[in-house]
Each structure stands twice: as C-alpha cells, then as structure tokens.
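Working through the structure, step by step
Take a look at the letters that make up each chain.
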Amino acid sequence: MTASLRRWRSADGFFPKNSHDSKDKPIRRRSLFGWLRNEDDRNARQTTVRTIVFAVALWFLAIALRRIHLNNSIRRKSTCDSESDDVPYECVDTIERLKILTEPARRTPRIWDWHNMVPRSRLFRSLLEERYTIAGHEKANCLRFIGPEHTGVPTLPQLDAVIMEIQNDLYPFVATPTSRFPSAQHLLRSYSGRGIVMTTGNRHTRFALNTIRMVRSLGCNLPIQIFYANNLDLNGTHFKELASLPNVELLDMSKHIDIHAASRGEPLAHLGWAMKPFSMLASRFQEIILLDADVMFLQNPEVMFEYPLYKDTGILLFRDRTLYPGNTLHALLSRMMEETPMSDYYRKEGRTGSALSTHEGESGVIVVDKHRNFHSLLMACKMNSGPYQRDMYETVLGDKESYWMAQEILDLPYSWAPGGGGSIGYLEPHPNDPNIIKICGQLYHPDPDFRPLWANGGMLSNKRDPKGEDIVEFTHWATDKTYRNVVWDWEKANKPFCMHRRKDREGKDWGPLSRRELDIIDRALKDWKEIVHFGDGNGKQGGKVKVDVDWVAKKMVAEEAVKRHQPKDLKDGVHGKGAFDSRDTLEQGRPIMHGA
C-alpha cells in the first residue's frame, strides 16, 4: 500500500517524494492533459472523475467571468461620464428611488391645516436628500443617464421643478422676493462653523447684555448673532449698546427671511416667539446654541457640543417643568401625525405620551446641527407661522414644544437632556411638613452628570410683572429625575416658582451651590446692577427701568387663553403625577407657561 502511494505521488508530480525516494529517481512533471489521461496507472475511473472535476471548474470560471464583464459594463470608469450610454453602478439605486418618490409627489395634494403635513414634509426631505448633500451641494448627476427605458423617472429640470413646488407649498417663507435665499439648498450652503444665536428687542436688551457678559466671563468666545424683527423692534440706545459688544452681529430678520409669507394673509399673533426658530434658520452658523435673552450659565456653554447626547442626534433639547398631568399635547401631536406612529423614543422618554405632564420641552437653550436637522427646523418655523401658529399657541404658550414635535413629524432622532425642569434659587422651609423643602427660583437644568449647567429666567423674581423686579437669592438647586415626586407653586407678582420635594437625597437630587458657582452668580449680579443702574445692593432700582405695561397686559390675556386648555384645579396648586404632598398645603398662584 505504501509503495503504491509513493509511486502515485511520484508519477503525479504534484507531491514531492520523501527523502528516501528522492535518492532513487527524480520527480517527473507532466502536462495537464497527461494528468487527465492518467497515463501511468491507466485507471479509467480515475480519469473520468478528474475530467468531471475539471469541467465543473471551467463552468464556474465561465460564470464568474461573465458576471465580471456585466458589472464592468455598468460601472464603466466608475464615474458619471455624460458621454457614456451606460448607467454607472452608483446611479442605479438613485434612479430607482427617484422613480418611487416622484409618483407620490405628482399626485399628493397641497397641504392645508395639518392634513397631509407628515407625508408631504417627509417626501420633500427625501427628494432634497437625493438631489443634494446635507450641506446643500449637488450630488453626482445621475439623472443624465436616464433613457427611454426609465419610464416614470423625472429629468433633472422636472425634478427641480417638483422640489421647488413642494418647497413653496410647505415653506413659502424660504424663497420670496425679499428673502436672501432663493431655495432651501442655498440656505444649506450658507451654513458653516459654530456660534450663538439670540433674539431680542428693546424690552429685553438689559437681559441680553447680562447674558452675553456672563457667557464671555466663562471663557466662551463663540461669535454671536442677535436677530430682531425690524427697526421698530430694536433701535436707539438699545441697538447701540448691543452693537458695541465685540464679536456680536445684529441682524434685521425682515431682510433675511419673510416670516409673514407663511401666514397666507393672516397676521402673526405672536411675532416674538416665532422669531426664535426663524433666527436659527437664517443664521450663518451650521452648529448653533440658541439662547434666550435671560438665561444664566454656570458652565461654558460650548461644553454642550461635546455631549454624547448631542453628537448622537445633532440636537439637544431641555425639558420644562413637570406640570398639569394630562394628554393635551399628545392629542395635538396625534392630530398632526394622523395615522403615522410616533417614535419609540417618544413613547419611552416622553412625558406627554404617558400623561405625566402637558408640558414637555422648553426653548431657553437649544443646541442643534442644522445640516443634520435642517428639515425639522423648517417644520418648526412652519409651526410658528401662519394658521399653524394659532393651533399651536392655543394649546402651548409659544414655540417651546415645536422643536421636538418637528423631529417627530420628520422622523428624525433627537435627545433630551437628563431630568425635568428643576429649580435654582433660595431654600424655604415647608410650613406644615419638616420632611419637605421648597426651593424658589428660576427654571434649572443640570448637565449629564447632574451638575448645575444653566437656568432660565434671569436675576428677577418675576420679569413678567412690574412688581417682580426684586433680585432672586441664589443658594440652592433641585432636580426632577422621576417626573413623579415634585409639586410646584406657581409664580406670583413678586415671587418666583417654588418646587416642593422631599428632604432626603441631599447632594444627589438637591443641594447647595458650590463656591465657584456662587462666585459666577455674584459676578453676573454685579454686571446686572451696572446694566440697570441699581442704586443700592438690596435689589431696589435707583434708576427705574421702563416696563412695557401694555405688553404685560397682553401677556396676561395670552396666559389666560392657555389656562382654558389646562386642567383647572389651580386653587390647590400644580401637581406632578403621583405627588406626595397633601393638596391642601399648596398655595394658589397665577399660571403661566415658561419658555415664553
């Protein structure tokens, strides 16, 4: 047996003989045909097997070569060569998708009210993303390869016409005779870099000045763009004070985007709130931090760009206080979405869907990458203009809920910062229960590690009331991690919101401000007194700042309109769901939505 194996190996020539055999005779080499015929052994069966194996190998090789030839004919030069009759490989899928998208674009009716809003806006997003990159630049022009065999696929001019038609239907404020931007893609191409965006007018100039000084003192040197509605909104010394600040640019919104173009002849009821999403859209920055004029930061706001929550989705939003258990806001979103389901993130993380609160987001601070979330920002602008603004503001006070709702409408992911809106201010003992504390002050937000990050409301006890010009004393903070164990007292004319919570978990869910944080606030307070010309250090104004009493009256009317859409058990206070406090211990207060 061994001798026979040795003879076979040596005769084949494919295996070398061992060292003992190598002394007998040299290795023989034969041709392929000789191997097939098996001339030495003359074994017909072995010859047949070898012939079959060889034929099968040739068959597979022929198939492989054929496929390679076909692929090369499709992806010839691997570029979109206009002189070639072959469709490049990377264009095949694009053409098929356009064929699928264009058909509903031709038959989908124009929108009015909320009907058809979701499919129409998602269709516009899909078409624009097929035609342009997220930065607004043209993709490889695959449409030039469309031939008679591609039935139902638009030519390039036809596709551009479809995109423009849907754009003018959905977002008429983008391309108008007074707009700087003739199309959505021109807007996208205008974005670059990072910066801060604010809106203000004469009435909020003092808050804006203090906020800018505060962020600069924390080492934030980002450029700032401040938008105002028109020359009547910001002028005189207010304009000069802001314009004198370094690295600050003042922009007249009326010369950038026509907000009123979306109203379809209906005047905007609240231009102030609507300015915020439009200023974000018109800003030249790609990545922006939107700031209310009256926010206070305890850390450099630039750190928010580095949060994983922001990097994951390109947008970071903050929650309002947990107030008014109910599903009013969920019902509004359901009407917008019609038959389209909400995201899993909404069902898991949202409070409104679980009826924990009729308030969800606030817009004192928003961090967003406009390249990644351009379409949701367009939708937020639409929701704050025209007849859509009326529907929104009858349910919520202002723009604050429109940003996350726009993400849902466009099926884009978004990130909530940790916790619900808390409180930062001074500590008060509870009148009836020593195990409960009250922290009265401004709307508070921690960072992902639950350290103090920023607050909304400024230095005053109640900026909305002429009697609320007293300075808040800042000593403590408190968070809302569960949305179920807090109770709120509404702000009054001369007193801010007060958060009730249990006294346990000090240092984790509530606690004193650190020495560093107190120093930041003290420095901001000195700036505030300088800005408004305080006469003494006790919070009393020496030089009286003019208060717009007409505006306060209009604000009260708007708040009462919102109150009609909320649960009306205000005599005992406002409870989160599952509140621990007895209802007869809460004080009566005047309701108002924060984020206005």
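Details of the structure are given in the entry above.
Here we summarise the structure given alongside this text. (Residues numbered from 1 in each chain as written. Predicted model: local features only at pLDDT ≥ 70, side-chain atom pairs only at ≥ 80, totals over all residues. Heavy atoms only, no water.)

1. As for the overall build of the protein chain
The secondary structure content of the protein chain amounts to 18 helices and 16 strands. Across the 596 residues that make up the protein chain, the buried fraction comes to 53%. Here the analysis covers contacts within the protein chain between residues at least 6 apart in sequence; of these, 74% occur between residues at least 24 apart. Put simply, the protein chain shows about 27100 Å² of open surface, and 54% of that area lies on carbon and sulfur atoms. (Helix = DSSP H or I, 4+ residues; strand = E, 2+ residues; numbered from the N terminus. Buried < 20%, exposed > 50% of the residue type's maximum accessible area, 1.4 Å probe, protein only. Contact = heavy atoms within 4.5 Å. Areas by Shrake-Rupley, 256 points an atom, 1.4 Å probe, with all protein chains shown as cover.)

2. Topic: the sheet that holds strand β3 (residues 248-252)
Across the sheet, seven strands lie side by side as β3-β2-β1-β4-β7-β6-β8; this open sheet has mixed pairing. Only two strands of the sheet have a single neighbouring strand rather than two, namely β3 and β8 (415-416). Summarising the sheet, strand β2 (residues 224-228) and β3 pair through five bridges and their orientation is parallel. The residue of β3 that forms the bridge with I226 is L250. Those strands touched by helix α9 (residues 236-243) are β2 and β3, and its axis lies near 140 degrees from that of β3. (Pairing = 2+ DSSP bridges. Axes fitted to C-alpha atoms, helices over the stretch in contact; angles between N-to-C directions.)

3. Remarks on unusual backbone geometry
In this structure, E338 takes a positive phi of about 55 degrees despite not being glycine. In this fold, E338 is placed in the loop between α12 (328-337) and α13 (344-349). By relative accessible area, E338 is classed as partly exposed at 34%.

4. With respect to the packing of helix α14 (residues 374-383) against helix α16 (residues 402-409)
Packed helices, taken two at a time, are described by the angle between their axes plus the distance between the axes. Contact geometry for α14 and α16: axes closest at 8 Å, N-to-C directions at 125 degrees. One element, α14, and the other, α16, form an angle in the oblique class. Pair α14 / α16 crosses with right-handed handedness. On the side of α14, the interface is formed by S376, M379, A380 and M383, while α16 contributes S402, Y403, M405, A406, Q407 and I409. (Parallel < 35°, antiparallel > 145°, perpendicular 65-115°, else oblique. Left-handed = near helix turned anticlockwise from the far one by under 90°.)

5. Looking at the state of the cysteines
If you walk through the whole model with that rule in mind, you get one disulfide. A sulfur-sulfur distance of 2.0 Å marks the disulfide that ties C440 to C498. Disulfide C440-C498: torsion about the S-S bond near 110 degrees, hence right-handed. Taken as a pair, C440 in strand β10 (residues 436-446) and C498 in strand β14 (residues 497-502) lie far apart in primary sequence, 58 residues in all. (Disulfide = S-S within 2.5 Å.)

6. Remarks on helix α10 (residues 271-282)
With twelve residues, α10 should reach 16 Å at 1.5 Å per residue; the first-to-last C-alpha distance of 16 Å fits that figure. Buried residues dominate α10, accounting for ten of its twelve residues. Turning to α10, its buried residues are W273, A274, M275, K276, P277, F278, S279, M280, L281 and A282. (Expected span 1.5 Å × (residues − 1).)

7. Describing the pairing of strand β7 (residues 361-369)
Of all nine residues in β7, nine are buried; the element is thus mostly enclosed. Alignment of strand β4 (residues 287-291) against β7, held across five bridges, turns out to be antiparallel. Pairing of I289 across the sheet is with V367, part of β7. In the sheet, strand β6 (residues 315-319) pairs with β7 via four bridges, with the strands oriented antiparallel. Paired with I315 across the strands is V368, a residue of β7.

8. A look at the packing of aromatic side chains
Counted according to the given criterion, the structure contains 19 aromatic pairs. Seen from their ring centres, Y345 and Y414 are 5.1 Å apart, and the 85 degrees between their planes marks the pair as edge-to-face. On the criterion of sequence distance, the pair formed by Y345 in helix α13 and Y414 in the loop between α16 and β8 is long-range, its members being 69 residues apart. Residue classification places Y345 among the partly exposed positions, given a relative accessible area of 27%. The exposure class of Y414 is buried, given its relative accessible area of 3%. Three or more aromatic residues link up through ring pairs in this structure, and these residues are Y345, Y346, W404, Y414 and W416. (Phe/Tyr/Trp six-rings, centres within 6.5 Å; stacked < 30°, edge-to-face > 60°.)

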